[in-house]
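Now for the letters of each chain:
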Amino acid sequence: MKKKIALIFGITGQDGAYLSKLLLKKKYKVYGVKRRSSIINTQRVDDIYKDINLKSDFVLFYGDLTDSSSILNLIKKTQPNEIYNLAAQSHVQVSFEVPEYSADVNSLGTLRILEAIKNLNLEKKIKFYQAGTSEMFGRTREKFQNEKTPFYPASPYGVSKCFAHWITVNYREAYNIFACNGILFNHESPIRGETFVTKKIIQGLIRIKHGYQKKLFLGNLYSKRDWGHARDYVEAMWKMLQQKKPNDYVIGTGKTFTIKEFVNKSAKKIGLKIKWVGKGINEKALNIENKKVLIECKKRYFRPVEVNYLKGNAQRAKKLLKWSPKISIDSLIDEMIEHELENL
Ligand code: NAP
Ligand code: F7E
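Position labels on residues start from 1 in each chain and follow its written sequence. In the order they appear in the text, chains get letters beginning with A and ligands get numbers beginning with 1. Thresholds applied to this predicted model are a pLDDT of at least 70 for local features of residues and 80 or more for the giving and counting of side-chain atom pairs; totals over whole chains, interfaces and linings are not thresholded and use all residues. As a convention, hydrogens and water are excluded, and side-chain values are obtained from all of the structure's heavy atoms.

Turning next to the overall build of the protein chain. Secondary structure summary: the protein chain contains 10 helices and 15 strands in total. At 20 Å, the protein chain has a C-alpha radius of gyration in line with the 20 Å of a compact globule built from 344 residues. Along the three orthogonal principal directions, the C-alpha set of the protein chain runs to about 65 × 45 × 40 Å. Whether a residue is buried, partly exposed or exposed follows from its accessible area with a 1.4 Å probe, protein chains only, as a fraction of its type maximum: under 20%, in between, or over 50%, in that order. Counting over 344 residues, the protein chain shows a buried share of 53%. Note on contacts: a residue pair is in contact if any heavy atoms of the two residues lie within 4.5 Å. In the protein chain, once contacts between residues fewer than 6 apart in sequence are set aside, the share between residues at least 24 apart is 75%. In the form shown here, the protein chain has an accessible surface area of approximately 16,800 Å², with 51% of it arising from carbon and sulfur atoms. Between the averaged position of the 61 positive side-chain charges in the protein chain and that of its 34 negative side-chain charges there is a distance of 3 Å. Put simply, DSSP marks the helices as runs of H or I at least four residues long and the strands as runs of E at least two long, and each gets a number from the N terminus on. We take the radius of gyration over the C-alpha atoms and set the globule estimate at 2.2 Å times the residue count to the 0.38 power. Computed by Shrake-Rupley with a 1.4 Å probe, the accessible areas treat only the displayed protein chains as cover when residues are assessed. Counted as positive: Lys and Arg. Counted as negative: Asp and Glu. His and the chain ends are not counted at all. Charge positions are represented by NZ for Lys, CZ for Arg, CG for Asp and CD for Glu.

This is the structure:
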């Protein structure tokens, strides 16, 4: 039987790595798009990469979402059955520093892929997945967010992803492209980028515990996030493209925790006894055993506007995709700790 072909933009990111491994297991031929960088940026997929001169079901090409011709050429060359657009300037705080670039990659990048599909007359052949985000709900007041919750983004990142969401809906309706938006809540893993809060907390606390770091500096301890595991979430992406009809789906766990609760859970598992003192920006965590300050808050990690509360209702995915998260927040933290200890 002929292998299905997938083309993944954002192959070198957290989700790109997990999705590649899932699709290879499902016997796909996987083409990935990586950016040129001055140092090697393929660490997350090095374990499945073979020398370009050898036969392999995992092949990488250079390309960039800011470059229409590279996108068009790659789609033409690889003739994929499925395209996953996971590429983005994905850091919310950084999007306040580089708003125009974030919009170029996240919004126009998505449009460029959809236009390429249309201009190559591949609307009937290619199924398209767009990596949407709970950040589109932003400052919502809804207790649970689902596919019907109105968007109220609170960062250039969130706004850019709203454009990507609606242009995907628009091309689905205008040109009948099988295009799905996954509206994914935060998902983490041992290979999460080091400046996202879960990875920063676990890496920092382990380094402190083993004497490689003195303090961890954080921002807002009271925002709440619905955290899942990336391994579960890439499975939902794939399932979306296996349905009879395209649709949009919220993917989350339905549970939410503050950053402080995440710190407390992690510290306990790592074996650090901590006690919180002070308020606001002066809030600190002390090591109960030696009274030293382990965690401090710094203004630089606060955002100009915060998304205070996110909690996903993934009932549609449960019903239509038969998807529900398998990995709990505790198992996620355990896995992240184990990985960090191995790398210490
Ligand atoms: P990530 O680790 O930051 O990976 C982003 C990927 O996009 C990387 O491969 C990056 O390449 C690539 N990229 C960035 N700019 C690009 C450009 N101009 N052209 C081509 N590729 C570019 O993000 P992730 O956590 O895997 O998330 C995957 C997608 O889901 C993103 O679109 C993100 O916005 C979205 N999302 C993530 C979450 C989450 O909690 N993780 C939740 C909802 C939605 P380099 O490696 O070279 O930087
Ligand atoms: O922040 C607070 C921060 O950067 C989570 C991306 O994958 O998920 C991610 O976006 C919370 C925020 O993720 C620090 O203020 C406190 O309230 O880990 P984060 P994010 O902004 O939720 C969504 C769904 C995406 O789509 C994005 O691509 O933690 N926080 N102190 C901190 N955050 C960071 N990064 N660093 C701190 O020191």
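The next point concerns the site of ligand 1. Nearness of a residue to a molecule or strand requires only that one of the residue's heavy atoms be within 4 Å of it. The environment of ligand 1 is formed by 26 residues, the closest being Thr12, Arg35, Ser90, Tyr157 and Lys161. Under this definition, polar contacts are N or O atom pairs within 3.5 Å; protein pairs additionally need one hydrogen-donor-capable and one acceptor-capable atom, and for neighbouring residues in sequence, both atoms have to be side-chain atoms. The backbone of Gln14 places a nitrogen or oxygen atom 3.1 Å from an oxygen atom of ligand 1. Interatomic distance of 3.3 Å between a side-chain N/O atom of Tyr101 and a nitrogen atom of ligand 1. The fraction of the free accessible surface of ligand 1 (900 Å²) that becomes covered by protein chains is 89%. Where the shell around ligand 1 is concerned, the elements lending two or more residues are helix H1 (14-25), helix H4 (99-119), strand S5 (127-133) and helix H5 (156-175). Sort the elements by how many residues they give to the shell around ligand 1 and S5 lands first, with three residues. Residues are grouped as follows: Ala, Val, Leu, Ile, Met, Phe, Trp, Tyr, Cys and Pro are nonpolar; Asp, Glu, Lys and Arg are charged; all remaining types, including Gly, are polar. For the shell around ligand 1, a count of residues per class yields 10 nonpolar, 10 polar and six charged.

Of all residues adjacent to ligand 2, which total 23 residues, the nearest are Ser90, Thr133, Ser223, Arg303 and Glu306. The side chain of Arg303 places a nitrogen or oxygen atom 2.5 Å from an oxygen atom of ligand 2. If ligand 2 stood free it would expose 700 Å²; the protein chains cover 96% of that surface. If you list the elements that add at least two residues to the shell around ligand 2, you get helix H6 (197-209) and strand S8 (216-218). Counted by class, the shell around ligand 2 contains eight nonpolar, nine polar and six charged residues.

Without other data, these values stay purely geometric and don't point to any function.
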